[in-house]
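The residues making up each chain are set out below.
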Amino acid sequence: MAESHGGAKAPATDAHTEADGGHHSGGFPPFESSTFASQLVSLAIFFVLLYVIVAKLALPKVGGAIEARQNKIEGDLAEAQTLKDQSEAALKAYEGELASARSRAQAIGNESRDKANAQAEAERKTLEEQLAAKLAEAEKTIASTRATAMSNVRGIAADAAGTIVQQLTGVIPDAASVNAAVDASLKG
């Protein structure tokens, strides 16, 4: 573009970019009052068509999907309740079996303990009888050994008494008087 210097004026070149296809009398077409009634009729027809399409096609599919989902949820809840009931029944059966097993184990333990106690008591009695027999035999042996020792003690005492009297007096004492003195001393 050339700039103008000085007083000369540039020629006016107004180019229109719009094509003139006819002039409309109003502004925005949906707001024109001459087409307002036909637009309302078209809107009503399209609304009725849309309502029919939605009511006949879309809503039954959506309703069917919602109903199927609801039925699935109810079925799952019923199955969950059934499984819960079964698990509770199984738990009660398990607890019953466990209690039964505990009582059987306790009964077996008591029976085994009683049996072991009875066997130990029988062995104790047998051992006591054996010990009593050995003790009686030992007492007889001790009594016989004591009697033998006492008879030897009497002879030793008589010999010792005779020797002591002989050492003190220088006279050999009479055996009968020594035996009488030893007997008197042993009796008390």
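Just so it is clear, the model here is predicted, and its values are computed rather than measured. (Residues numbered from 1 in each chain as written. Predicted model: local features only at pLDDT ≥ 70, side-chain atom pairs only at ≥ 80, totals over all residues. Heavy atoms only, no water.)

Student: Just to check I follow, could you spell out the overall build of the protein chain for this structure?
Tutor: Secondary structure assignment for the protein chain yields two helices and zero strands. Among the 188 residues that make up the protein chain, the fraction classed as buried is 3%. With an accessible surface of roughly 16,400 Å², the protein chain has 63% of that area assigned to carbon and sulfur atoms. (Helix = DSSP H or I, 4+ residues; strand = E, 2+ residues; numbered from the N terminus. Buried < 20%, exposed > 50% of the residue type's maximum accessible area, 1.4 Å probe, protein only. Areas by Shrake-Rupley, 256 points an atom, 1.4 Å probe, with all protein chains shown as cover.)

Student: Looking at this structure, how should I read the pattern of salt bridges?
Tutor: Tallying each qualifying case throughout the model produces three salt bridges. Among the ionic pairs, K72 bridges to D76, the shortest N-O distance being 3.4 Å. Placement of both K72 and D76 in helix α1 (residues 36-169) is noted, with a separation of four residues, approximately one turn of the helix. Judged by relative accessible area, which is 46%, K72 ranks as partly exposed. For E128, the salt bridge goes to R124, with nearest N and O atoms at 2.4 Å. With E128 and R124 both in helix α1, this residue pair falls four residues apart, about one helical turn. Residue class for E128 comes out partly exposed when judged on its relative accessible area of 43%. Residues joined in a network through salt bridges with shared partners are E121, R124 and E128. (Salt bridge = Lys/Arg side-chain N within 4 Å of Asp/Glu carboxyl O.)

Student: Help me understand the packing of α1 against helix α2 (residues 175-187), please; the structure alone is not making it clear to me.
Tutor: The relative placement of two packed helices comes down to the angle between their axes together with the axis-to-axis distance. Two elements in contact, α1 and α2, have axes separated by 9 Å at closest approach and are oriented at 125°. In terms of orientation, α1 and α2 fall into the oblique class. You can see that α1 and α2 cross each other, and the crossing is right-handed. Residues R154, A157, A158, A161 and G162 of α1 touch α2, and the partners they reach there are V178, N179, V182, D183 and L186. (Axes fitted to C-alpha atoms, helices over the stretch in contact; angles between N-to-C directions. Parallel < 35°, antiparallel > 145°, perpendicular 65-115°, else oblique. Left-handed = near helix turned anticlockwise from the far one by under 90°. Contact = heavy atoms within 4.5 Å.)

Student: Mind showing me how you'd approach α1 here?
Tutor: Residue pairs spaced three or four apart in an α-helix point in one direction, given the helix's 3.6 residues per turn. The axis of α1 is deflected most strongly, by about 40°, at V54. At the C-terminal side of α1, G170 shows a positive phi close to 80°. (Bend = angle between axes of the 7 residues up to and from the residue.)

Student: How should a nonpolar patch on the surface be read in this particular structure?
Tutor: Residues V41, I45, F46 and L49 make up a contiguous nonpolar surface patch of roughly 410 Å² in combined accessible area. Counting through the fold element by element, F46 comes out in helix α1. (Patch = residues over 30% accessible without salt bridge, like charges linked within 9 Å, V, L, I, M, F, W, Y side chains within 5 Å.)

Student: Where do I start with the environment of D183 in this structure?
Tutor: Considering the arrangement of structural elements, one finds D183 in helix α2. Along the sequence, D183 and A157 sit 26 residues apart, while their C-alpha atoms lie 9.7 Å from each other.

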